[in-house]
Structures are given as C-alpha cells and as structure tokens.
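An overview of the molecular structure
Here's the letter readout for the chains.
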Amino acid sequence: MVEFLLAVTFACGLVVAVAHVINSRFVAPVYDVVANLTGFVCAVAASTLLRHWIPALLAALAVCCWLALALRTLGAIRRRQPLLGQAPPHQDSRVSGH
C-alpha cells in the first residue's frame, strides 16, 4: 500500500513537471526549482532505501524534468527575463520590425 501511495504521489509530481517542460513559456522561479529538486531527490533516495522501485523511477524522472527547468531558469536569469512562472511569448525583433 505504501508503494502504491508513493507511486501516485510521484506520478502526480511528474505530470506537473512534464507539463512545465512542455510549456516552453514556463520559467520557474529559483525557489521553485530548488524546492522541487530537493524534494524529488529525497524522494528518490527514500524510495530506493525502501526498495520501492516504481516510485523511485517516477521521482527520478521528475528530477530530470526539474533539471531541464533549472537550465531554462538559468537561461532566463542570463537574459534578465522576469522569473514569474508564465513568461510572455518571445518577441522576435525581425518579426516586429524593430
């Protein structure tokens, strides 16, 4: 029963992480990236110690998604883009005529 509950918990977190990655306009705030990475890394460790392989795998996939989002956040910081979650669409200067 514990493994099932953990699997459902991590599957829900994985769905959210994948949705953020698919939504290319989403830029996660730094605190969100750090908190989710910390939580899911701990989830991988705990599930592995309990030998609950499915929850460990789901949490590990979520870690991969949050690492991708961390790279997106770092890119936004370098471009000095506001980290407000939903980023405005990218404006191409060639299209806008500026």
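See the structure shown above.
First, a word on what this report is: a plain description of the structure on this page. (Residues numbered from 1 in each chain as written. Predicted model: local features only at pLDDT ≥ 70, side-chain atom pairs only at ≥ 80, totals over all residues. Heavy atoms only, no water.)

**Considerations on the environment of Thr 48**
Positionally, Thr 48 belongs in helix 2 (residues 30–49). Every residue in contact with Thr 48, bar those within four places of it in the chain, is listed here: Trp 53 and Ala 56. (Helix = DSSP H or I, 4+ residues; strand = E, 2+ residues; numbered from the N terminus. Contact = heavy atoms within 4.5 Å.)

**Overview of helix 3 (residues 53–78)**
Helix length check: helix 3 (26 residues) gives 37 Å between terminal C-alpha atoms against 38 Å at 1.5 Å per residue, within 8%. Of the residues one or two after helix 3, Arg 80 is the one with positive phi, at around 60°. (Expected span 1.5 Å × (residues − 1).)

**A word on helix 1 (residues 2–22)**
Given 3.6 residues per turn, any residue in an α-helix points the same way as the ones three and four places further on. Counted at 1.5 Å a residue, the expected span for helix 1 with its 21 residues is 30 Å, and the 30 Å between its end C-alpha atoms agrees. Looking only at helix 1, the buried set comprises Ala 7, Phe 10, Gly 13, Leu 14 and Ala 17. End-on view of helix 1: buried residues confined to an arc of 140°, all on one side of the axis. Away from the buried face of helix 1 by more than 90 degrees, exposed residues Phe 4, Val 15 and Ile 22 are located. Check the buried side of helix 1 and you find it contacts helix 2 and helix 3. (Buried < 20%, exposed > 50% of the residue type's maximum accessible area, 1.4 Å probe, protein only. Arc of directions from axis to C-beta.)

**Concerning the side chain of Ser 47**
Along the chain, Ser 47 turns up in helix 2. Residues contacting Ser 47, with those up to four places away along its chain left out, are Leu 6, Phe 10, His 52, Pro 55 and Ala 56.

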